[in-house]
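Chain residues, written in single-letter form:
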Amino acid sequence: MALKLHGLALSTCTARAATTIYEKGQQFELVPVNLTAGEHKQPGFLAKNPFGQIPALEDGDLTLFESRAIATYVAEKYKDSGSDLIRHQNLKEAALVKVWSEVESQTFHPVISAIVYQFLIAPLYGQQPDQAVIDANLEKLKKILDVYESRLKSSKYLAGDFFSLADLNHFPYLFYFMRSPWTSVVNERPHVKAWWEDISSRPSFKTVAEGMTLGEK
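Every residue gets a number counted from 1 within its own chain, in the order that chain's sequence is written. At least 70 in pLDDT is required for a residue's local features to be given in this predicted model, at least 80 for side-chain atom pairs to be given and counted, and no such filter applies to totals for whole chains, interfaces and linings, which use all residues. Hydrogens and water are ignored here; the side-chain numbers use all heavy atoms of the structure.

1. Considerations on the layout of surface pockets
Phase 1: Buried and open spaces are told apart on a 1 Å grid over the protein atoms alone, a cavity being a set of points where a 1.4 Å probe fits but cannot get out and a pocket being an open set with protein on both sides within 12 Å along at least five of seven lines. Residues with an atom within 4 Å of a point are the lining residues. Grid points are joined across faces, edges and corners, and a volume is the space filled by probe spheres set on the points. Estimated volume of the largest pocket: approximately 1000 Å³.
Phase 2: Around the largest pocket, the lining comprises 28 residues; the ones closest to its centre are Ser11, Leu35, Ile54, Ile121 and Tyr125.
Phase 3: Those elements giving two or more residues to the lining of the largest pocket turn out to be helix H1 (12–23), helix H3 (67–77), helix H4 (91–121) and helix H7 (171–177).
Phase 4: Helix numbering and strand numbering both begin at the N terminus, where a helix is a DSSP run of H or I of at least 4 residues and a strand a DSSP run of E of at least 2. The element contributing the most residues to the lining of the largest pocket is H4, with 5 residues.
Phase 5: Residue composition of the lining of the largest pocket, grouped by class: 14 nonpolar, 11 polar and 3 charged.
Phase 6: Counted as a void, the second largest pocket has a volume near 340 Å³.
Phase 7: Around the second largest pocket, the lining is made up of 19 residues, and of these Thr72, Val97, Lys98, Ser101 and Leu165 lie nearest the centre.
Phase 8: When contributions to the lining of the second largest pocket are tallied by element, the ones reaching two or more residues are H3 and H4.
Phase 9: In terms of residue count, H4 provides more of the lining of the second largest pocket than any other element does, 8 residues in total. When residues are grouped by polarity, Ala, Val, Leu, Ile, Met, Phe, Trp, Tyr, Cys and Pro land in nonpolar, Asp, Glu, Lys and Arg in charged, and all others, Gly among them, in polar.

See below:
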């Protein structure tokens, strides 16, 4: 039975889950969720995710939500297919994947998501972007990426010289951030820039990026 991913192609979290599935060479059905009509707050969808957020994954009789959890599940279930995203045969490498995955979710994500929200999402709701919020988080992001720059001087990817979930999880928000006027924050750090150019050129990312249309002119 094919995986069913309930979400939207332009959604960052849906994109994270979809990219992982593609990296593992698996097929899935994307089931659109009409957010405008409030479908995600209706009983049918709340049965899949009681918090009413996309995405949700159905795999037979198993239903999951939270995109990073979905990504980890897919990486573990199909560990012998496609890219080894969790380094399941090497305990030390697997631990480093977990460390940098935590960095993404706990340190990187809150900062970059605040910028992307103000730049791309707020205007969709008729709101003016709050430049003070953007500026404050840009300063935080610079400091975070200084750490990344140092790390990437000694390894090609965040967890080591191998692509993993730690890198993949960064893709959706960084993709939208690179449509903003502040791309210099990435481009002025040569190792971060090279890392981004590398991971964003992967076939899985290119496929998913086709549906990530927020901010297109």
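2. Let's talk about the pattern of salt bridges
Phase 1: We define a salt bridge as a contact between a side-chain nitrogen of Lys or Arg and a carboxyl oxygen of Asp or Glu at a distance within 4 Å. As enumerated under the stated definition, the model contains 9 salt bridges in all.
Phase 2: A salt bridge links glutamate 104 to arginine 16; its shortest N-O distance comes to 3.6 Å. With a gap of 88 residues between them, glutamate 104 in helix H4 and arginine 16 in helix H1 connect regions that are remote in the sequence. By the burial criterion, glutamate 104 is buried, and arginine 16 matches it.
Phase 3: Linking glutamate 197 and lysine 193 is a salt bridge whose minimum nitrogen-to-oxygen distance equals 2.7 Å. Residue exposure (1.4 Å probe, protein chains only): buried if accessible area is under 20% of the type maximum, exposed if over 50%, otherwise partly exposed.

That is the geometry; function is a separate question.
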